Amino acid sequence: MSYFRDSRRIVVKVGTSTLTHSTGHLNLRRIEKLVKVLSDMKNSGIQVVLVSSGAVSAGVAKIGFGTIPETPEAKQAMAAIGQSELMKIYDKFFSDYGHTVAQILMTKDVLTNPSRRSAAENTFNRLLEMNCIPIVNENDSVSTDELTKFGGNDILSAHVATLCEADLLLNLSDVDGFYDSDPRTNPDARLIERVEEINDEILAIAGGAGTARGTGGMIAKLNAAMIVTAAGIPMFILNGQEPEILYALLDGGHIGTYFCAPKSKK
Ligand code: GLU
């Protein structure tokens, strides 16, 4: 069964560790591979929305700071510098493959304010109708508190998938999927290919509900999976280090971990 058979609209989330080198600078080779695969998905008739991190890291690298600054103001300034750097590269690579990108920067209050939410929905829909690839990030430079911050792009991508009524969310991470224990400390950890339901047992594997501890940020990914699956949208956690693995999914194979959505037909 191809997971893409009924997927006309997908959201792809990609994290900083996939997009940048350990120096913080953008990993151009990997970004280009990712752009090529996403362009091909688009060419095959799938509408693609990309949720991309990497702004803070790219800003820090560009300005020549060694590390991510401590103060929120400095971090917000770095995000402003890095976001344009990030978009410049995406625009260049996607243009090379014949596609048009559009930047959308989100704050959390867009979700709860009916007129702003409807404006965001309309903009996504119009852009997708116009064959563009919306590239979304949190508006880090102006989000400061609980009301405006999503608390990470795993959560942002889940809300974007819901807002756009996507058919599938692909969460590209630096691990192969969701394991039954932490693969970084347990060599016998086993990849779980399919999660029917995110129950207490699954949450316990990732470190328990609502805690900051988790296996490679798994709690945030499970929270994201809970948001989308409740809305009928399935989600994959996949390794983004080699973006070409997405072809295996496109070709009907199975990689990573698939979180089933009870209301979905898939
Ligand atoms: N919005 C942040 C950035 O672009 C990333 C947040 C995250 O990865 O969760 O740097």
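Residues numbered from 1 in each chain as written. Predicted model: local features only at pLDDT ≥ 70, side-chain atom pairs only at ≥ 80, totals over all residues. Heavy atoms only, no water.

## Some details on the site of the ligand
The test is simple: Here a residue counts as near a molecule or strand whenever at least one of its heavy atoms sits within 4 Å of it. Pairs of N or O atoms are called polar contacts if they sit within 3.5 Å, as long as, within protein, a hydrogen donor faces a hydrogen acceptor (for residues adjacent in sequence, only side-chain-to-side-chain pairs). Working definition of accessibility: Shrake-Rupley area with a 1.4 Å probe, residue cover restricted to the visible protein chains. Amino acids outside the nonpolar list (Ala, Val, Leu, Ile, Met, Phe, Trp, Tyr, Cys, Pro) and the charged list (Asp, Glu, Lys, Arg) are all regarded as polar, and Gly is one of them.
Lining the immediate environment of the ligand, one finds Ser53, Gly54, Ala55, Val56, Asn137, Asp140, Gly152 and Asn153. Here an oxygen atom of the ligand and a side-chain polar atom of Ser53 are 2.9 Å apart. Bound to the protein, the ligand loses 78% of the 300 Å² it would expose on its own. Considering only residue class, the shell around the ligand consists of two nonpolar, five polar and one charged.

## Considerations on the pattern of salt bridges
Working definition: two side chains of opposite charge can pair if their charged atoms are close together. For clarity, the threshold we go by: A pair is scored as a salt bridge if a Lys or Arg side-chain nitrogen falls within 4 Å of a carboxyl oxygen belonging to Asp or Glu. Labels follow the DSSP assignment, with helices taken as runs of H or I lasting at least four residues and strands as runs of E lasting at least two, numbered in each case from the N terminus. Burial here depends on accessible area, computed with a 1.4 Å probe over protein chains only, as a share of the maximum for the residue type. Under 20% is buried, over 50% is exposed, and the range in between is partly exposed.
The full count for this structure, using the stated rule, is twelve salt bridges. Taking the shortest distance from any N to any O, the salt bridge between Lys13 and Asp154 comes out at 3.1 Å. Residue Lys13 is located in strand S1 (residues 9–14), and its partner Asp154 is located in helix H7 (residues 153–163); the two are separated by 141 residues in the primary sequence. Classification of Lys13 as buried rests on a relative accessible area of 6%. Residue classification places Asp154 among the buried residues on the basis of a relative accessible area of 10%. A salt bridge links Asp154 to Lys221, with the shortest nitrogen-to-oxygen separation between them at 3.2 Å. Of the two residues, Asp154 is situated in helix H7 and Lys221 in helix H9 (residues 218–230); the sequence distance between them amounts to 67 residues. Among the charged side chains, a salt-bridge network with shared partners connects Lys13, Asp154 and Lys221.

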